[in-house]
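Here is what each chain is made of, one letter per residue.
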Amino acid sequence: MVDELSQLIETIRQIKSRGQFRKYIDFIRFPFYRNVEIDTQISFDFPLTVFIGQNGCGKSSCLHALYGAPDGYTPYKFWFDTKVDPVSYYNEQRKRHSFWYSFKDGNQTLEVIKARIKRKDDPNYWETSRPLAWAGMQTRKGKNDRDKPISKNVVYLDFRAELSAFDKYFYFGNLKNSSARNKQEFLRRKSPSLNNLFTGKKKHINSSSRFLNDPIESLTNDELKWISFVLGRNYVSGISVMHELFRNEGYSVLFQTNFAKYSEAVAGSGEMAVVRLVKEVLSAEDYSLILLDEPEVSLHPGAQHRLKIFLLEQIKSKKHQVILTSHSPSIVKRLPNESVKVFYQNPGNGRFLVKENLTPEEAFYHIEFPLDNKKNIIVYWRD
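Residues numbered from 1 in each chain as written. Predicted model: local features only at pLDDT ≥ 70, side-chain atom pairs only at ≥ 80, totals over all residues. Heavy atoms only, no water.

1. Re the packing of helix α5 (residues 221–231) against helix α7 (residues 301–318)
Two numbers describe how α5 lies on α7: the axes approach to 7 Å, and their chain directions differ by 145°. Along its contact with α5, which presents W226, F229, V230 and L231, the element α7 presents A303, R306, L307, I309, F310, E313 and Q314. Residue composition of the contact of α5 with α7, grouped by class: 8 nonpolar, 1 polar and 2 charged. (Axes fitted to C-alpha atoms, helices over the stretch in contact; angles between N-to-C directions. Helix = DSSP H or I, 4+ residues; strand = E, 2+ residues; numbered from the N terminus. Contact = heavy atoms within 4.5 Å. Nonpolar A, V, L, I, M, F, W, Y, C, P; charged D, E, K, R; others polar.)

Structural data, given as structure tokens:
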């Protein structure tokens, strides 16, 4: 009997083989980019790809490049130089920081390179360039002949930063210009305004010049179904709102389960992360590029496995391309080998390499995860 995960993977493979994923990034190559090994290439042979590796091995850096690949997006959102961390524009061969990728548009195979260009008014500017032979691209006859970047909606979520409004203030806020004696008192004073939004007594909370909240949103039946599935409990209803009542912008959610009603002040951080992920993925337009940085943060292993099922279901139904970074065996386990990309450091020069098509077990070895199915190999030597 074929189980759910195996069937999902096989169905997605068949959909991809029929060419039903539109404007799908087939691979990305790094002729010279940050600390990635020169000319590293990552192929995306399956629509769910997992970057796995030890800390500080370039996984997020490559995710940032993918964010900047489509038309209208730029890696500058995540990577820019400062006086503390300056960025050199060229390496010793005068190569600029750049990456290029390939995708199909109808019967055409297109190649697009984006490079960091030094400008006086914008030192972190990125733009498309004509095809470059030194980067491994097919050159064109016309000097200015270049392909347009892929047109694709991008969803990017970094789960190390996906904190609720309550947690943002409680852990990182301050009492400057407040008469409250401590953070607890500050939050108690602000809670009546949030409660007025949740109960519908007010639609907006005003400051002296503007609204401090977006409209209240009720979680849809589909959102509740998937949130319940991933977290393994039954959520009856939920209300969410983006606001600045606690100074910094953040989300608050009022949950209702079979047993209790509570806000993010009581909820686990994993609950809030799953709400954000499910809402963003379900609302993403078809054929989106979805980039997730460590989505397993604060989730137990069972929830991590069900999160993988949720993502595969959305890939099947909406033809998304999903790429994520992870250290989670529960997410990587039983994925096809072509999904797994292992990042590791070159001991010779300190740059980061990528191995492809490893089994999940081989990937676990690279992150020093203990393996239970070790085998001893006995070699007999005969003269």
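Here the narrative resumes, following the displayed structure.
2. Regarding the sheet that holds strand β15 (residues 352–356)
Pairing within the open sheet is mixed, and its 6 strands lie in the order β7-β12-β13-β3-β14-β15. Two strands bound the open sheet, and with one partner strand each, they are β7 (154–158) and β15. If you compare each strand with its neighbour and ignore which way they point, the axes differ by 15° on average. Two elements, strand β14 (residues 340–345) and β15, share 5 bridges in a ladder whose sense is antiparallel. In the sheet register, Q345 faces β15, and the bridge partner there is F352. Sitting on the sheet, helix α2 (residues 59–67) is in contact with β3 (48–53), β7, β12 (289–293), β13 (321–326) and β14, with an inclination near 155° to β12. Each of β7 and β12 is contacted by helix α6 (residues 269–283), which is oriented at about 175° to β7, the strand it contacts most. (Pairing = 2+ DSSP bridges.)

3. Here we look at the sheet that holds strand β11 (residues 261–263)
Pairing in this open sheet of 4 strands is antiparallel, and the strands run β8-β9-β10-β11 from one edge to the other. The outermost strands of the open sheet, each flanked by one partner alone, are β8 (217–218) and β11. Relative to strand β9 (residues 235–243), β8 is paired through 2 bridges, and the arrangement is antiparallel. When the bridges of β9 are listed, S218 appears paired with I239. Across the sheet, α5 touches β8 and β9, and the angle it forms with β9 is around 105°.

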